[in-house]
Each structure stands twice: as C-alpha cells, then as structure tokens.
Amino acid sequence: MSLTPDTIRQVAHLARLELKPEQVAHYSQQLSDIMTLVDQLSSVDTAGVEPMAHPLDMHQRLRSDVVSEPDQREQFQAIAPEVDNGLYLVPKVIE
Amino acid sequence: MSYDSKTWEVVIGLEVHCQLLTQTKIFSGAATAYGAAPNTQADAVTLGLPGVLPVLNKTALEYAVKFGLAVDAQIAQRCVFARKHYFYPDLPKGYQISQYELPIVHHGHLDIEIDGGVKRIGITRAHLEEDAGKSLHEGYSKQTGIDLNRAGTPLIEIVSEPDIRSAAEAVAYLKKLHQLVVYLGVCDGNMQEGSFRCDANVSVRRRGETKFGTRTETKNVNSFRYVEKAIEFEIERQIDVIESGGKVVQETRLFNPDSGETRSMRSKEDANDYRYFPDPDLLPVVVTTADIERIRATMPELPQAKKERFIAQYGLPAYDAGVLTGEQALAEYYEAVVATSNGDAKTCANWVITDLLGALNKLGKDISASPISAARLAGLIARIADKTISGKIAKEVFEAMLAGEGDADTIIKAKGLVQITDESAIVKAIEDVMAKNPQQVADYRGGKDKLFGFFVGQAMKATQGKANPDALNRLLKEKLAG
Amino acid sequence: MHTQSIAELSAGLKAKKFSSRELTAHYLKRIESFDKQLNSYITVTAEQALAQADAADARLAQGQGGALTGIPLAQKDIFCTTGVRTSCASKMLDSFIAPYDATIVSKLHDEAGMVMLGKCNMDEFAMGSSTETSWYGPTANPWDVTRVPGGSSGGSVAAVAAGLAPAATASDTGGSIRQPAALTNLTGIKPTYGRVSRYGMIAFASSLDQAGVVARSAEDAAYVLQAMSGFDPRDSTSIERPVDDLLAGLNGSIKGLKIGLPTEYFAKGMSAGVQQRVAEAIEVFKKLGAEVKEISLPNSPLSVPTYYVVAPAEASSNLARFDGVRYGHRAQDVKNLEELYKRSRGEGFGAEVQRRIMIGTYVLSHGYYDAYYLQAQKLRKLIYEDFKRAFAEVDLVLGPTATDVAFKLGEKSDDPVAMYLNDIYTIAANLAGIPAMSLSCGFVDGLPVGLQLMGNYFSEARLLNAAHQYQQVTDFHKQMPKAFV
C-alpha cells in the first residue's frame, strides 16, 4: 500500500498535525514502507477468527456512584497555557 | 401544518440525549451538580490529563438498563465502549467514550397517543456515553472560554426508528419519553439546563416513494415547542428546495429560537471520520440475567400502567387518569387524597385537576411545592362528604387553605362556615325572602318557574351560603307551592 | 556501594553501615560525574531525593520500613510524579508538572519508602527502540557510548547499567523493557498485562502497555516488581488477584522445568554471535535440570505487522488529548482553533510520534478499519492461541531478546521499518499479554546479549526463579561497563 502525498495531507488533517511541504514527501515514502510491512496481514485467512481487543478475558469492573474527586481547579489550571476566570481559553470557536 | 400532506410524506427520527441523574460522572468520581463554578467539577479524568483512566459508574449502567426495561427493549448482556474521535475544545480527550457496535439497549419501543389512536414508535437503540463540556462565547471578543464541568456527565442517547410522520407525533413521542425518564428517576428532565436534549433527523419524500429522502439533522432543540417549530420549518424548507428543483443536502443544522428557522452549521461540515474502535481502557460490560432481574425489581409503576390502573380502580375517565398520572408526584398526591378523604374518587379528581392544578398553575409551582398538602385537601373533601359544608363553601375554604390559613376544620370553625341543616332556620330564611318579594312569589305561582333560581340565590345569600342546598331546595319548593 | 545488590544495600542500611542519605548522595554524585556521557536522566531530583532519604533514615532508625526503604530508584519519565516534570521525553510535555502520582510511584516511594533519584530518558512517548527519538537528545549505551542503549526505556537501562541507580522502572509496549535490558547487560521484566497498575503511566497503546522494572539481577528485579504489583481500583484493566511472593521461590530448583524453543525464533534473523550465546544459555538450563524441547509459534512472524496496526491505532487515539488547550505545548500566535491544534501538535510531537499517529489514524479511518484494525485483532487472537497451545506443553518459552547487539547511534534512525524489526522477538508477548523478561547471557565483542524468557499468565515468580537459578551459575550479570565502574 502506498500512501500518496494527498493521503498524507488528509490523514495529517484528521490527526490535526501541521506538516511542512518537505515533510509530506518524506512521510509519504516512510509510511508507504511501513504499510508494505503491515500489508503482510492480508496474507492470512482469518475467516471465523474472533477479533481480540484485549489480552484479558475479564469484564468491566464498576465504581460506586460516590463523589471522590474534590475541586482541584487551581492545581490543574496552574499548568494550563491560557485560562481566565476558571475557563480554559481557545481562539474563538465559530458555530 | 401548511404543506400538502397528500403529496408529501415526512419521515422523522429523533435522537434524544438524556443526562442520567447520578451523583458522579460516568467514568470518574467528580460531582455532576448543575451550576457549579467553571471547571470546579473537572477532575483529572474529565480533563483528560495524561495517564489517568476511566472506571464505569455502576449507577449509570443500572439507569440505562432501567430505561431499556421501561421501553421493552433488549438489554445487551455484553456491551462495549468505543471511542469516537474528533477535535473540539469541549471534548478534552480528542475522543468521546460512547458505544458503537454493541449498545447496552436495543430494539425497544414506545407507544404514543395521537389523533385518538395509539402509534408505536420503534427505539433502535439507547447507548451510554459521556457528555461534552460547554463553550462560552460571551465576554470574549476573539476567544472562547471552555467549562468542562459538564464533560463526562453520563448520558443515554436514545435513537428512535424513522417511524415518526409529523411534528405533532415527534412532540408526542418526546413528551412520552420525557415523562418516562422522569418517572424512572433516571433523569431530572430539565430541558433548560440541558438534561434532556433532542436532535431531529428530518426528511421528506413524495407519497408512494419507497426510498427515504435525504435527511438533515437539526441539533439541540431544547423545548417541546422548539422541536415542533424546528421540524415544521425544516419540512417546509425541504419541500421548497425540492419543488424549486434543488436537492436537500445532508447536513447538520442549528435551530434559532428567535427566528424560528434552522441554518446550516458549517463548522460541523468537515467530513467526519470518527474512527470508532473499542476503548482499550475499558473492558466489555457484562450484565447478567440476575442483574437485570434485580434492576427490574426496583422499577416504579410506569405511566401507562398507572393510567390504566387509575381508570380501572377509580373509575376515572381516560382524560382525568392521563392528567393525574402525568407526573409521578401528582399521581401519588391524588392517591393520598382518595385514600384519606372518604370522598368519591371522581370528586377528588375534580378537586385535584381543576382547583389544585389551576391554582398551582397561577402560582407557577409544581405539585411537589403545593401549599396545600394531600392530607389537607383530603380533609376539605371529607367535610363536603359529611355535609359539614357545601361544595360552594368548600371553594372559599380552599382559597383560605391556599392562603395558608390552616386546615379545613380550622378555617370552617374560624369563619363560621358550618352548613345550616337546622330546617327551621332555613324555613325562616325562606319566609323572609318571600315576604320581601311578594311580586316574584306571585309571578312564580303564576307559572314563571324560572324564578325558582332567584329564590335559591336570595335564600342562600340570607344564610351566607351556609344552607344545606338539598334541604333548601326541598323546603323552598314546599313553601312556594303555598 | 553501586556494585551491591538490593539485598546487600538493604542489609547495609539495616545494619547502619551507611545511611540512605549517604547512599543517595553517592548515586547523585555518580549521576553528576557520569551522566554527561550518557544522558540517561531527563530530570534529577536531588533535593527531593535527599529529603526522601532522610525520611527513610528516620523510619529505619525506628526499626520500621521494609526491604526497599531507603533504596534509591530511577523512574522512567513516563510515570507521573507530583510536582516534578513528567515529559515522556516530548517537547509536548516539557512544561508538564504532573498534579498527581502514578499508582506505582506512590507504591514504590510512599509505601515501600524508596528514594526517587530522578526521571529517566526514553523514546518520545515510548515510541522507539533506541532512545533516539527523545526531545532531550539520545541516551548512550554505557558499554559503548557510540551505540544505542535500546528503547524505549533507554535512560532507565543506561542509568542502571552504569551504576547511576540500583534499579529503575520502565514500561514495555512492544519490548521497551526487554530489548534495552538485553543491550545493556541487565535483567528486565514485563509482567502479565494488568498485574501492575497503568494509572498515571502516560498511555502509548493501552491494551499493550505494561509497567515493569530493569535491574542488575533477577533478585533485584523481584524486589522492585513485588512492591509495584497489585490491584488498583483506578485502572479498569488492573487484575483483582493477590500478588505471588516473587522472592520466596527464587531459590527453588528448576529441575524438570519444561522449556520450549520456538522454531520460528531460531529460524533466521539472529546474528551468529547472538545465536552462539543463546545456544550456550540453553546448555546451562539443561545442566540445571530443565527439559528443553522444540515448539512452534506459527503466527509469530506476523507479530510485527499486527503490532504496527494495533499500537499506532491506540496511540493515535491516546495522543489526541495533547491539543495545547489544558496543558502541554501550545503554539503561539495562532489565527484560529484549527491552527492552534495543528501547530501545537506539529511542533510538540517529533517525527516518530507523528508517523505513528498518522499510521494509526489511517488504519482506523473509514474504509480501512476492517482490512487493518479488525484483521490485526484477529491475528492477535491467533498469536494468543499459539501461546495457549505452547503453554499446554511447556512451562517457559526461551529465545533471543534481540536479533543483535546494540547498534550504532544514528544507524537506523531514518529507517522506521528497520527500527521496527528490532522488536521482532518481543512484540508477541505484549499482544498476548503474557509476562516476559530478558537477562544477560554473555557478550559478543564486549557488547551484551540478551536471553528472553516468556511465561504463561501470572508466572512472574516462575520466570524470576528460572532467571535467578541461571544467574547463580553464571556471572555475566555481575559485569559492569569498564568506563563506569
């Protein structure tokens, strides 16, 4: 599978990564190599095989509905890039 | 409805996001109280800080199962959480934990009453997911403020089949669904605060066509009235587009309550590719038959069953039973009144529906904040039943109770409102009235039967309304006959 | 002091031969003297370490504290540590001071009383096999500073191998404990998935990530792993099951232990030198009474492509939270929200992380999910079933950890596929979730060679027992790189 520069740009957009033009060509080559490695997967007949999402054959544990987390806004916002009046700020969101 | 329904058929499916009434978030122990200062309920898990992990809230799961049982749905004995990816500042992790291929609830239905008949609306699925935070645009010119308190609040997203054929049906379905989740105690139903939100998928097609038309999704319509208006607007807009030779575009639209119109949300049009996959931080959720039965045992009597019981047990008309079972608290109030008043069930229903609800409506209060308790209303009705007061005097007592003057007996005593049953006193009043109105007596006796009402009124007035009406009528007839 | 085992250090502290402060100061001094050559630490927490050492000394003076109280330890910089930068070796988190401790950090330092020396270098977000992708520059191998120490836990192994810490925590998603341990003459163990809490360990691939330890012997590793294992209610994938006593069984005989040699691991790929050392190790195990037989793990050759779907898919999702809004790197002078995201992430992530995010995004995207992600999950099942069959026949599986000894810095850094093939022997254990370890089995041209042991679920005690018995009759693990003695 070869990943064209267009595909790279699309994927980078979905993943919100800014790429410089020279990176696009470079990644196109490298990711195509990686996908060639990955394409070995298609050689195996997996009809009837159950997909395995997780190594453990366990089920989800449940938590009691009891408040355990105090307000820690001050500590959490101390490491935030931009806050005002307790709000995280981002460039204007247009809806 | 102003479109030509002979030509056009409307197809509507609703997606309702219903916040579950838990103390904490779906995947962490942060509080979910509404109205807290921004980000004070955003803990490490809610914020998506690196390294922190989700653990599922047991109550959220049980509430989803409860809902599923209430709509006669299948409860998945094994369901899976999946990640839905998109970048948005109110979505802290860059993905929403939701359910995709295996939702907890599927294949249910809800019966609505419409045009005097009953229509069944299919419920495709209801899945558990986390709510997003809020973006606040006011107060900043070039920026948006993000409050993540709401992020991580448990939701069930209830997806209907495209079985709905009009705005009126959509509203009937929503109201029924709203009533149900509030009854179940799984949601507070507060639409202003966003606890119960609706997205409407609307399409139109010419009658006889078998394929659905292209649909639009109108987001976050937050009152029953807006749902109706938004859908009606959308129906007419789509018909206009088609009739003028255009094509409906599949898109997300936003309803503007001020203009009553919907508009395209360009910001959401970025071709979405949500890249769902099973959340590797969470394991499959297993709900056993025993779990389901345990939850079933905690189910309250549901509105439809309660309504049917009210009709059978109390002999009420369907309308009265419907009103009284509209809210759990109202139904409880009514049943308490019937049980303690010794009054006739229909009389009790009249008092609750006409007098009490009318008064509460004026006061802008709901039943749980009623200034007259069920016991006091029952006390009043008991005094009518034992003929201590007449129905007319009872209205006066009711007003006094509403004004906080005490229970019925206290008010009757204080105001001297006990009914006069002493016939000699009533006869005296009648004789006085007849003496004062000789002309009317003569006219009555001359055949003007209609004057009977005049004498009743005057005699009542003379006894300050306290005369027993049956006795008054009988005695008046005797006296007038001469 | 830095040549002593944890048991010896613990005895020395208890006998008051030296204090924890003296021991800690000794290591801090060595870090100051030697780490310029290695770059094994991103952050050295000297002041905090001495304070923890004093607290440990106070506990010891009162006759309190356990075997690890007062023993220094280095933390891989993937574990959140309150008040200390937790960078994951990324520019993205250069400014990130964690507001909480990872569960293993509280277990090792608050409960067991170990002293944290600092935070170790690693491949950025643990993505790499050479520790060259770190934003803070590469770490050198103490056995030859022109070579890589392996990765992603390269800082952890370099620090321990050079005597700049008695042991270090590490994490292993596809071999990140075992391959660097192999390349630096250490013993490293990745326990069963779910045995050690992942809470506070910055996620790379959630269904594969598992924390563990690198140390100078199986016994040292057992001490630390014992203290970090156990159920954690804050991790849904943590296992509610008592932890075995890892130390009690170390001295048991391994006579009759059934060891399987997977045909596929010995077929090709290994260098002649590695093959020779592994063959010699097999003879040692035979002498110790183990029964050795050939087995087959037929799907293991596909573990690399399977992994390079599963791991990037999960990583692309786990790393979506780094968006410059709530913490971490934020691009300056952005025009709009999309630019904030794209530039913060474009600037904050290095090339290898970007590659994996893009691979993961691609394989999960519409139209490719079934062909890649779902197919990889099915392969994962087949790989798991290979092990299930193997462990019906044998107690342990033995093979090489890496194809060769440490390679030169820069040798593979622009060839991702060559780099990925480094993990060919280690990845299968992560896909299946079984415990696995690496221990030194000798040298080729003065460079260490690693031997890998893999066991069935929860067989950490048995793995450590076999490794310890091997280390009783060999002395490779006792050797230190000459430049750092």
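Worth saying up front: this structure is predicted, and the values here are computed from it rather than measured.

A few points about empty space enclosed by the protein
Rolling a probe over the atoms, with the probe sized like a water molecule, indicates the empty space that remains.
Turning to step 1, where the next piece is worked out: Summed over the entire model, instances satisfying the criterion amount to seven cavities of 30 Å³ or more.
Turning to step 2, where the next piece is worked out: In this structure, the largest cavity is lined by 21 residues; those nearest its centre are Val-45, Thr-46, Lys-93, Ile-97 and Glu-130 of chain B.
Turning to step 3, where the next piece is worked out: At the level of secondary structure, the elements contributing two or more residues to the lining of the largest cavity comprise α1 (44–47) and β6 (95–98) of chain B.
Turning to step 4, where the next piece is worked out: Taken together, the residues that form the lining of the largest cavity break down as twelve nonpolar, three polar and six charged.
Turning to step 5, where the next piece is worked out: Gly-51 and Val-52 of chain B together with Met-201, Ile-202 and Ala-203 of chain C are the residues nearest the centre of the second largest cavity, which is lined by 13 residues in total.
Turning to step 6, where the next piece is worked out: Looking at the lining of the second largest cavity, its residues break down into seven nonpolar, two polar and four charged.

Section: helix α3 (residues 167–184) of chain B
Residue and element names in this part refer to chain B.
Turning to step 1, where the next piece is worked out: With 18 residues, α3 extends 26 Å between its outermost C-alpha atoms, agreeing within 8% with the 26 Å of an ideal straight helix rising 1.5 Å per residue.
Turning to step 2, where the next piece is worked out: For α3, a buried count of 15 out of 18 residues is recorded, marking the element as mostly surrounded by other parts of the structure.
Turning to step 3, where the next piece is worked out: A positive backbone phi angle near 75° is found at Gly-185, which sits one or two residues after α3.

Some remarks on the interface of chain B and chain A
Turning to step 1, where the next piece is worked out: Listed by partner, the interface residues are 52 residues for chain B and 35 residues for chain A.
Turning to step 2, where the next piece is worked out: Buried surface at the junction of chain B and chain A, summed over both partners, amounts to about 3800 Å²; 58% is from carbon and sulfur atoms.
Turning to step 3, where the next piece is worked out: In terms of surface lost to chain A, no three residues of chain B exceed Tyr-140, Gln-143 and Leu-283 of chain B, which account for 15% of the buried area on that side.
Turning to step 4, where the next piece is worked out: Across the contact surface, chain B and chain A share zero salt bridges.
Turning to step 5, where the next piece is worked out: Counting across the interface, chain B meets chain A through 24 residue pairs in polar contact (both at pLDDT 80 or more).

Comments concerning the UniProt feature "active site" (unreviewed entry) in chain C
All names here are of chain C.
Turning to step 1, where the next piece is worked out: Under the UniProt annotation, "active site" (unreviewed entry) lies at Lys-76, Ser-152 and Ser-176. In sequence the annotated residues extend across 101 residues, while in space they remain close, none of their C-alpha pairs exceeding 11.2 Å.
Turning to step 2, where the next piece is worked out: When you line up the elements, Lys-76 lands in strand β2 (residues 72–76).
Turning to step 3, where the next piece is worked out: The contact partners of Lys-76, leaving out residues within four places of it in the chain, are Lys-119, Cys-120, Met-122, Ala-126, Ser-152, Ser-153, Ser-156, Thr-169, Ala-170, Ser-171 and Ser-176.
Turning to step 4, where the next piece is worked out: Secondary-structure assignment places Ser-152 in the loop between β3 (115–120) and α5 (154–161).
Turning to step 5, where the next piece is worked out: We classify Ser-152 as buried; its relative accessible area is 0%.
Turning to step 6, where the next piece is worked out: Beyond its immediate sequence surroundings of up to four residues, Ser-152 is in contact with Lys-76, Asn-121, Met-122, Asp-123, Ala-126, Met-127, Gly-128, Thr-131, Ser-171 and Ser-176.

Here's the deal with the interface of chain C and chain A
Turning to step 1, where the next piece is worked out: Chain C puts 69 residues into the contact, and the matching count from chain A is 50 residues.
Turning to step 2, where the next piece is worked out: Summed over both partners, the interface of chain C with chain A buries about 5200 Å², with 71% contributed by carbon and sulfur atoms.
Turning to step 3, where the next piece is worked out: Contact with chain A buries area across many residues of chain C, yet Lys-342, Met-358 and Tyr-362 of chain C alone supply 13% of it, more than any other trio.
Turning to step 4, where the next piece is worked out: We note a salt bridge from Arg-330 of chain C to Glu-82 of chain A, for which the minimum N-O separation is 3.4 Å.
Turning to step 5, where the next piece is worked out: The tally of links from chain C across to chain A stands at 18 residue pairs in polar contact (both at pLDDT 80 or more).
Turning to step 6, where the next piece is worked out: When contributions to the side of chain C that touches chain A are tallied by element, the ones reaching two or more residues are α10 (303–318), α11 (337–348), α12 (351–364), α13 (370–393), α14 (416–420) and α15 (427–432) of chain C.
Turning to step 7, where the next piece is worked out: Element by element, the count of residues in the side of chain C that touches chain A is highest for α13 of chain C, at eleven residues.
Turning to step 8, where the next piece is worked out: Class assignment for the residues of the side of chain C that touches chain A results in 40 nonpolar, 15 polar and 14 charged.

Observations concerning the packing of helix α6 (residues 303–314) of chain B against helix α8 (residues 328–341) of chain B
All names here are of chain B.
Turning to step 1, where the next piece is worked out: Interhelical geometry of α6 versus α8 gives an angle of 15° and a closest axis separation of 12 Å. The pairing of α6 with α8 is recorded here as roughly parallel in orientation. Crossing angle aside, the handedness with which α6 passes α8 is left-handed. Between α6 and α8, the contacting residues are Lys-306, Arg-309, Phe-310, Gln-313 and Tyr-314 on the first element and Gln-328, Ala-331, Tyr-334, Glu-335 and Val-338 on the second.

Section: the domain arrangement of chain B
Turning to step 1, where the next piece is worked out: Segmentation of chain B into domains returns domain 1 (8–294), domain 2 (303–415) and domain 3 (423–481).
Turning to step 2, where the next piece is worked out: The gap between the C-alpha centroids of domain 2 of chain B and domain 3 of chain B is 32 Å.

Some points on unusual backbone geometry
Residue and element names in this part refer to chain C.
Turning to step 1, where the next piece is worked out: A cis amide bond links Gly-151 with the next residue in sequence, Ser-152, at an omega value of 10°.
Turning to step 2, where the next piece is worked out: With phi around 55°, Cys-88 is a residue other than glycine that occupies positive phi space.
Turning to step 3, where the next piece is worked out: Here Cys-88 lies in the loop between β2 and α4 (103–111).
Turning to step 4, where the next piece is worked out: With a phi angle near 60°, Ala-89 is a residue other than glycine that sits in the positive phi range.
Turning to step 5, where the next piece is worked out: In this fold, Ala-89 is placed in the loop between β2 and α4.

Structural notes on the UniProt feature "domain: Amidase" (unreviewed entry) in chain C
Turning to step 1, where the next piece is worked out: As annotated by UniProt and renumbered to match this structure, "domain: Amidase" (unreviewed entry) occupies residues 22–464 of chain C.
Turning to step 2, where the next piece is worked out: With 38% helix and 14% strand, the stretch residues 22–464 of chain C has end C-alpha atoms that lie 30 Å from each other.

Let's talk about the layout of surface pockets
Residue and element names in this part refer to chain B.
Turning to step 1, where the next piece is worked out: What the second largest pocket holds in volume is close to 920 Å³.
Turning to step 2, where the next piece is worked out: In terms of lining residues, the second largest pocket is bounded by 30 residues, among which Gln-179, Val-323, Thr-325, Gly-326 and Glu-327 are the most central.
Turning to step 3, where the next piece is worked out: Counting only elements with at least two residues in the lining of the second largest pocket, the list comes to β7 (105–114), α3, α6, α7 (318–324), α8 and α9 (345–363).
Turning to step 4, where the next piece is worked out: Tallying contributions element by element places α3 first for the lining of the second largest pocket, with seven residues.
Turning to step 5, where the next piece is worked out: Class assignment for the residues of the lining of the second largest pocket results in 14 nonpolar, nine polar and seven charged.
Turning to step 6, where the next piece is worked out: When residues of the lining of the second largest pocket are assigned to domains, at least three fall in each of domain 1 (8–294) and domain 2 (303–415).

Procedures and definitions
Residues numbered from 1 in each chain as written. Chains lettered and ligands numbered in written order. Predicted model: local features only at pLDDT ≥ 70, side-chain atom pairs only at ≥ 80, totals over all residues. Heavy atoms only, no water. 1 Å grid on protein atoms, 1.4 Å probe; cavity = no way out; pocket = protein on both sides within 12 Å on 5 of 7 lines; lining within 4 Å. Points joined across faces, edges and corners; volume = space filled by probe spheres on them. Helix = DSSP H or I, 4+ residues; strand = E, 2+ residues; numbered from the N terminus. Nonpolar A, V, L, I, M, F, W, Y, C, P; charged D, E, K, R; others polar. Expected span 1.5 Å × (residues − 1). Buried < 20%, exposed > 50% of the residue type's maximum accessible area, 1.4 Å probe, protein only. Contact = heavy atoms within 4.5 Å. Buried area = accessible area lost by both parts, 1.4 Å probe. Salt bridge = Lys/Arg side-chain N within 4 Å of Asp/Glu carboxyl O. Polar contact = N/O pair within 3.5 Å; in protein donor to acceptor, adjacent residues only side chain to side chain. UniProt positions renumbered as here; feature names shortened; annotations may be inferred. Axes fitted to C-alpha atoms, helices over the stretch in contact; angles between N-to-C directions. Parallel < 35°, antiparallel > 145°, perpendicular 65-115°, else oblique. Left-handed = near helix turned anticlockwise from the far one by under 90°. Domains from an automatic or database assignment.

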